[in-house]
Amino acid sequence: MTGRILANSGLMGGARAISSVLGIVTLIITARALDDLAAFGTVLFVHAYMLFFADIATFKSWQAIVRFGADHLSNKDARLLGRLFRFGFTLDALAAILAYGSAVGLFSVVVALSARFPGFGPEADGLPLATLQNYVTLYCLVLLLRQTHAGTGIFRLFDKFGVLALRTLIMPVLRFSGACLAWWMGWGVAGFLCVWFAASALSYIALPLLAIRELYKRRLLRPVWKARNVLIETDRGLWPFVVKTNIDSTLNAFRTHFPSLLVTAVFGPALFAIFRIAEEFAKILSKGTKLFDQVLYPELSRLVAEGRIQALQNVALKATLVIGGISLILTLIVLVFGEPIIQLAFGEGFEKASGLAVFLLLAAALTGAAVPFYTVFYVLMRPGRAAWIRGGAIIAYLFAFFTLVSTAGIYAAGWAALVGAAFEIIIVTIWATLTMKRHKVPSI
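Residues numbered from 1 in each chain as written. Predicted model: local features only at pLDDT ≥ 70, side-chain atom pairs only at ≥ 80, totals over all residues. Heavy atoms only, no water.

1. Some details on the side chain of H47
With respect to the helices and strands, H47 occurs in helix α2 (residues 37-56). H47 gets classed as buried once you look at its relative accessible area, which sits at 8%. Not counting chain neighbours up to four residues away, the residues in contact with H47 comprise Y139, R175, W196 and S200. (Helix = DSSP H or I, 4+ residues; strand = E, 2+ residues; numbered from the N terminus. Buried < 20%, exposed > 50% of the residue type's maximum accessible area, 1.4 Å probe, protein only. Contact = heavy atoms within 4.5 Å.)

Structure (structure tokens):
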């Protein structure tokens, strides 16, 4: 089992490493092409705003598909598998509509309040807020295509991580290619937003199409098509599981993406560009740990199904130590070499990014080490506990940010991330360990 975890982690990690390198190079090209911190920050803000709602308004149906689908797959029950997959596709569609409506609606409210109360809302650094609203409204249309969680769950359930690894490369490859074209053609903010939109859209469309093809090959497409009333006639315990995991994933998404919106609102797009560069280094680490979690989740689910709780505890602890060790090595590399690399790549104006990156990397190291213990909550059918911890970490982050913002400036975002992550790793380690020791019968 450990060998399978390492093999799948290596496959996904390799794809994510290539993706991260292409992502950083794309940011360098975009920054050099626009040659203006405010314009660069505007592109990053619009994309970050879309991602915020993409992850906030989602049901993460892949977790339910893996958790409940494992039993149906073991029993070779095509009818129940089809109903579960149809349930996942339906949730994805509902989430896409909710995400777009929420994104456009909230920004409309911000624009209305800014007209009534000057100074309210994000400063656009010379860009009219109405123009920024048009960018947001059009760019967020990609949310309607983001129906990827059911497809992700299907491939994870069938242990087809090669497909997921290849799909991981679609967006960064297309965005890199498009950014090169936009730089060569001299396109501005609107041109780069079009490039990023197209790359995201094609990536989002690819996964459900590949999932449908996989179901067809396994002769499971007909049961999916024939399933009816999938939101009502569900597996026992499915809805409570989905609701609790949705609360937890929403809090996790809030913690991940809200700092970008907060920094933009407080400091403006120019300083947000600096924060985003620092964040990109931390995201190399956080994305890697998320992919490790995607591989770990099915394996830990099998251990629970077999009643091997001691093995579950051992694997979770080993995974935490591996993630923590790799994270600290990457942090040290950025601490030593980060500043000259960032200045060479992005030029003047990004000097603060390297110091901020160290803070964010340390925070990502702590939250990454906590990932296996969060997975334990899920496989033991206790997702509510994960939600409570993430909620507490968000409160700790906000308290630290607003306490330090007047004295630390942009570095307040780094200190706040570190405080929230420290709270998270301490509480999740203690609570997950107690949960494993006291676990008897899975319940929700």
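2. Focus: the nonpolar core
Counting residues in hydrophobic clusters, the biggest one holds 78 residues, and the most contacted among them are F40, Y49, M50, L143, I277 and F350. With 14 residues, α2 is the largest single contributor of residues to this core. Leave out the neighbours within four places in its chain, and I277 touches L27, F40, I342, F346, F350 and A353. Counting residues in hydrophobic clusters, the runner-up holds 52 residues, among them F68, L164, L207 and A319. (Core = buried A, V, L, I, M, F, W, Y, C linked by side-chain atoms within 4.5 Å.)

3. Considering the pattern of salt bridges
Per the stated rule, a full pass over the model turns up six salt bridges. Note that R218 and E214 form a salt bridge whose closest N and O atoms lie 2.7 Å from each other. By relative accessible area, R218 is classed as partly exposed at 37%. For E214, a relative accessible area of 5% gives the class buried. Across the pair R255 and E424 runs a salt bridge whose closest N-O atoms are separated by 2.3 Å. Taken as a pair, R255 in helix α10 (residues 238-267) and E424 in helix α15 (residues 412-438) lie far apart in primary sequence, 169 residues in all. When its relative accessible area of 23% is taken as the criterion, R255 is described as partly exposed. Note on E424: relative accessible area 1%, which makes it buried. The network of salt bridges with common partners includes R255, R390 and E424. (Salt bridge = Lys/Arg side-chain N within 4 Å of Asp/Glu carboxyl O.)

4. Describing helix α13 (residues 352-379)
Taking 1.5 Å per residue as the helical rise, α13 with its 28 residues ought to reach 40 Å, and the 41 Å between its terminal C-alpha atoms agrees with that figure. Taken as a whole, α13 carries its principal kink of about 35° at V371; the proline P372 stands between one and four residues after it. Counting buried residues in α13 gives 24 out of 28 residues, a clear majority hidden from the surface. Taken from the residues just after α13, M381 is the one with a positive phi, measuring 60°. (Expected span 1.5 Å × (residues − 1). Bend = angle between axes of the 7 residues up to and from the residue.)

5. Considering the packing of aromatic side chains
On inspection of all chains with the given rule, the structure shows 16 aromatic pairs. Centroid distance F254 to F258: 4.5 Å. Interplanar angle 10°. Geometry classified as stacked. Within this pair, F254 and its partner F258 are both found in helix α10, separated by four residues, close to a single helical turn. An aromatic cluster of three or more residues is present, and its members are F45, Y49, F52, F53, F107, F254 and F258. A cation sits over an aromatic face here: R175 above W196, 4.7 Å from the ring centre. A cation sits over an aromatic face here: R390 above Y374, 3.8 Å from the ring centre. (Phe/Tyr/Trp six-rings, centres within 6.5 Å; stacked < 30°, edge-to-face > 60°. Lys NZ or Arg CZ within 6 Å of the ring centre and 35° of its normal.)

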